[in-house]
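# Understanding the architecture of this molecule
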Amino acid sequence: MQAELGKCVLHPVCLSRQVIEDDEEDLSFTLPSSSQVQRGMDRLTSAEVDRKVAEVVQFILIKDQKKVPIKRADIIKNVIKENRNIYPEIMKKVNMTFEKVFGLKLVEIDVKNHAFILVNNLELDLPSPPKRQIYCYGLLFVILSVIFMKGGAVKEAVVWNTLKKLRVDPGERHEEFGDVKKLLTDEFVRQKYLEYARIPHTDPPEHEFRWGLRAESEVSKTRLLEFVAQLHEKEPQNWPKQYKEATTSDARSSQAS
Amino acid sequence: MAGSLSDCHRRFLQSLMCNGIIVRSKAIALHRNCCEVHNTHYTRDGLDEFIDLINSHLEPLFMQIRKSVSEEDGLQYYALVNMAETDITRMSSDYADNELELFRKTMDLIVDSESGRASSTDILNCADSLNTRKMKKKETELLLTRLVRDKWLNEKHGEYTLSTRCIMEMEQYIQKIYQDMVKTCAICHNVVFQSQMCDNMSCGIKMHIPCVAKYFKGRSDPQCPVCNAFWPHEIPEIRDTAQVPLEMENTAPTPSTSHSRRRR
């Protein structure tokens, strides 16, 4: 899963920081036609285009530090600005740069609202992240497994019970995780690993947990099922519904990449 | 560009970004580990060439992996540094405006001091007179902890110094803002904060503590390299480069020896 990248960004110039407003929506932007792009490209020198590409790459790396999806509207407003007619060309080069230089991939996880995340493109194990992150992702993996095995959505009570079995009490402050409830319902939700939605017509209000968009993108369901299968000392095929879901889902994501 | 990068280089770069700054011995181990993991040919002294290739691809992005010697322990460190001075670099979302102002004031204190150190008391006093928004004692202490954790400042005995990474990343900015107020070391000619200074009033040159150790090693009669006046300060022992640094971070990556292939 995603390591914390781009930490090198307290640049001297940012010591006089401006506040960035995040656009809520991106309604005003429609993708330019290819002739508009061509005209746009002709107006800028290739050095200027490369400069824009560099700025977008840095912008995304900085924003990605927060693990919150990066909106297309923000990229345009803060970096591309008046050159929005060559946005597609710039993004093409940005994608290539992330892959070729950093081994990262820019994935559009929210097609409707045009938001991206950076995921790791390298096949093998990631460089060692800090300890807390390892523990948190371990916990996340368990929660994702529970949700997956139970068909894609579970009532929050199930998750809290699972945690209690792991000796992690959501009511108490945990040594490694801190406020566990906040971690699951706030931090992981913001990072799009989980969804925490209110179940309608419940009183007192109940919530359920689902997989978030980032989890769908980053986590292999096949691998997860294999992990669960190993725990039970059985074969993954013993859970036909989940097995089918896993193979379909992974086929879909490898098609998209 | 010399040649294209392979996953080996990318993994190294990701690791470096993850850790912010790493000491040379760990960089060497990381290089070896990345080559092993990606079945790439590894040459023992190939680190600098390896990094040069990555840098050739980072240059158009206004980033560089730079190396620099630490003022604290005299060891060489590597960090990924932002070289651009564009608008977007102002958008670092880690620190609030008043936090950045306090950090700047801390830097002012450090530059103004002879020792290259700022006491927590002096920093707390600054917190009281910020233009953006005043900070209380507790807030300031938390901020300082974060700055140390994020490797911008080092702390020892209640005094704060600029970290190696900070100096590396901010060198251009520091020289632009502080100009003559910041000195360069008479030996290595890099910017210097924590130093020993020549006692001769008409000389006043500064040297990094590790540079002093190296320059005066084995000399019984230390003299200023510029004016030949007697060098009155205690000459520190030179650090054996094979030693693990005591003060600097132990959070550099340890190469993972187990790697399972993730099947998708």
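Bear in mind the structure is a predicted one, so any value in this text is a computation, not a measurement.

It is worth spelling out the sheet that holds strand β3 (residues 115-120) of chain A at this point. For sheets, the rule is that strands pair by backbone hydrogen bonds, running either parallel or antiparallel. One open sheet holds the 3 strands; their spatial order is β1-β3-β2 (chain A), and the pairing between them is antiparallel. The open sheet terminates on both sides in strands that have one partner only, identified here as β1 (70-71) and β2 (104-110) of chain A.

Another aspect to go through is helix α3 (residues 72-80) of chain A. All names here are of chain A. The buried fraction of α3 is high, at 8 of 9 residues. Those residues of α3 that fall on the buried side of the exposure criterion are R72, A73, D74, I75, I76, N78, V79 and I80. Contacts from the buried residues of α3 go to α2 (46-64), β1, α4 (87-102) and β3. Once α3 ends, the next one or two residues include K81, with phi positive near 50°.

Let us look at the packing of α3 of chain A against α4 of chain A. All names here are of chain A. Between α3 and α4, whose axes approach to 12 Å, the crossing angle comes to 100°. The angle between α3 and α4 places the two elements in the roughly perpendicular class. Along its contact with α3, which presents R72, I75, I76 and I80, the element α4 presents Y87, I90 and M91. Across the contact of α3 with α4, the residue classes tally to 6 nonpolar, no polar and 1 charged.

All chains considered together, the criterion is met by 10 aromatic pairs over all chains. On the numbers, 5.6 Å between centres and 45° between planes, the contact of F216 of chain B with W231 of chain B is tilted. Placement of F216 of chain B in the segment after α8 (209-215) and of W231 of chain B in the segment after α8 is noted, with a sequence separation of 15 residues between them. W231 of chain B shares its class with F216 of chain B; the two are buried. Every member of this aromatic cluster is reached through a ring pair, and the members are Y137, F188 and Y193 of chain A. Stacked on the ring of Y193 of chain A, the Lys or Arg R214 of chain A has its end atom at 5.6 Å from the ring centre. The side chain of R165 of chain B reaches across the aromatic face of W152 of chain B, ending 3.9 Å from its centre.

With that settled, consider the pairing of strand β3 (residues 76-82) of chain B. All names here are of chain B. Burial within β3 is extensive, with 6 of its 7 residues counted as buried. Relative to β3, strand β1 (residues 21-23) is paired through 3 bridges, and the arrangement is antiparallel. By the bridge assignment for β3, I22 is matched with Y78. Examined bridge by bridge, strand β2 (residues 63-69) and β3 share 7 bridges and lie antiparallel to one another. Note that in β3 the partner of I65 across the bridge is L80.

Bringing the sheet that holds β1 of chain B into the picture now. All names here are of chain B. Spatial strand order, β1-β3-β2: 3 strands in an open sheet with antiparallel pairing. For this open sheet the edge positions go to β1 and β2, each flanked by a neighbour on one side alone. Strand-to-strand, the axes of this sheet are offset by a mean angle of 25°, without reference to chain direction. In this fold helix α7 (residues 164-178) packs onto β1, β2 and β3, with an angle of close to 45° to the strand it touches most, β3.

Residue and element names in this part refer to chain B. It is at 10 Å that the axes of helix α2 (residues 24-37) and helix α3 (residues 47-58) come closest, and there the two elements cross at 80°. Considering their axes alone, α2 and α3 lie roughly perpendicular with respect to each other. Packed against α2, whose contacting residues are R24, A27, I28 and H31, the element α3 presents L47, D48 and F50 at the interface.

Our next topic: the confidence of the model for chain A. Residues and elements named next belong to chain A. Per-residue confidence for chain A gives a mean pLDDT of 80, with 82% of residues at or over 70. Within chain A, helix α1 (residues 34-43) has the poorest average pLDDT of any element, 71, and strand β8 (residues 206-211) the best, 95. When the criterion is pLDDT under 50, residues 1-27 qualifies, and its contacts beyond four places in sequence or with other chains add up to 107 contacts.

Residues and elements named next belong to chain B. As enumerated under the stated definition, the model contains 16 salt bridges over all chains in all. In this structure, R24 engages D48 in a salt bridge whose closest nitrogen and oxygen atoms are separated by 3.6 Å. Here the residue R24 occupies a position in helix α2, and D48 occupies one in helix α3, the gap between them amounting to 24 residues. Given the relative accessible area of 27%, R24 is considered partly exposed. The exposure class of D48 is partly exposed, given its relative accessible area of 29%. Across the pair R133 and E139 runs a salt bridge whose closest N-O atoms are separated by 3.7 Å. Since its relative accessible area comes to 29%, E139 is described here as partly exposed.

About the thresholds
- Residue positions are given per chain, counted from 1 along the sequence in the order it is written.
- Each chain takes a letter, starting from A, and each ligand takes a number, starting from 1, following the order in which they are written.
- With the structure being a predicted model, the display of local features is reserved for residues of pLDDT at least 70 and the display and counting of side-chain atom pairs for 80 or more, all residues being used for whole-chain, interface and lining totals.
- Note that water and hydrogens are dropped before the side-chain values are worked out from all heavy atoms of the structure.
- When DSSP finds two or more bridges between a pair of strands, those strands are recorded as paired.
- Runs of H or I in DSSP of at least four residues are treated as helices and runs of E of at least two as strands, each being numbered from the N terminus.
- Remark: exposure states derive from per-residue accessible area (1.4 Å probe, protein chains only) relative to the maximum for the residue type, with buried under 20%, exposed over 50%, and partly exposed in between.
- Two residues qualify as a contact provided that any one of their heavy atoms is within 4.5 Å of a heavy atom in the partner residue.
- Note on geometry: axes are lines fitted to C-alpha atoms, helical ones only across the stretch in contact, with angles between N-to-C directions running from 0 to 180 degrees.
- By definition in this entry, angles of less than 35 degrees are roughly parallel, angles greater than 145 are roughly antiparallel, angles of 65 to 115 are roughly perpendicular, and the rest are oblique.
- Residues were grouped as follows: Ala, Val, Leu, Ile, Met, Phe, Trp, Tyr, Cys and Pro as nonpolar; Asp, Glu, Lys and Arg as charged; and all remaining residues, including Gly, as polar.
- Pairing of aromatic rings covers Phe, Tyr and Trp, the last through its six-membered ring, and needs centres within 6.5 Å; plane angles under 30 degrees mean stacked, over 60 mean edge-to-face, and all others mean tilted.
- Whether a charge lies above a ring is judged from NZ of Lys or CZ of Arg, which has to be within 6 Å of the ring centre and within 35 degrees of the ring normal.
- The predictor attaches a confidence to each residue, called pLDDT, with possible values from 0 through 100.
- Every case where a carboxyl oxygen of Asp or Glu lies within 4 Å of a side-chain nitrogen of Lys or Arg is listed as a salt bridge.

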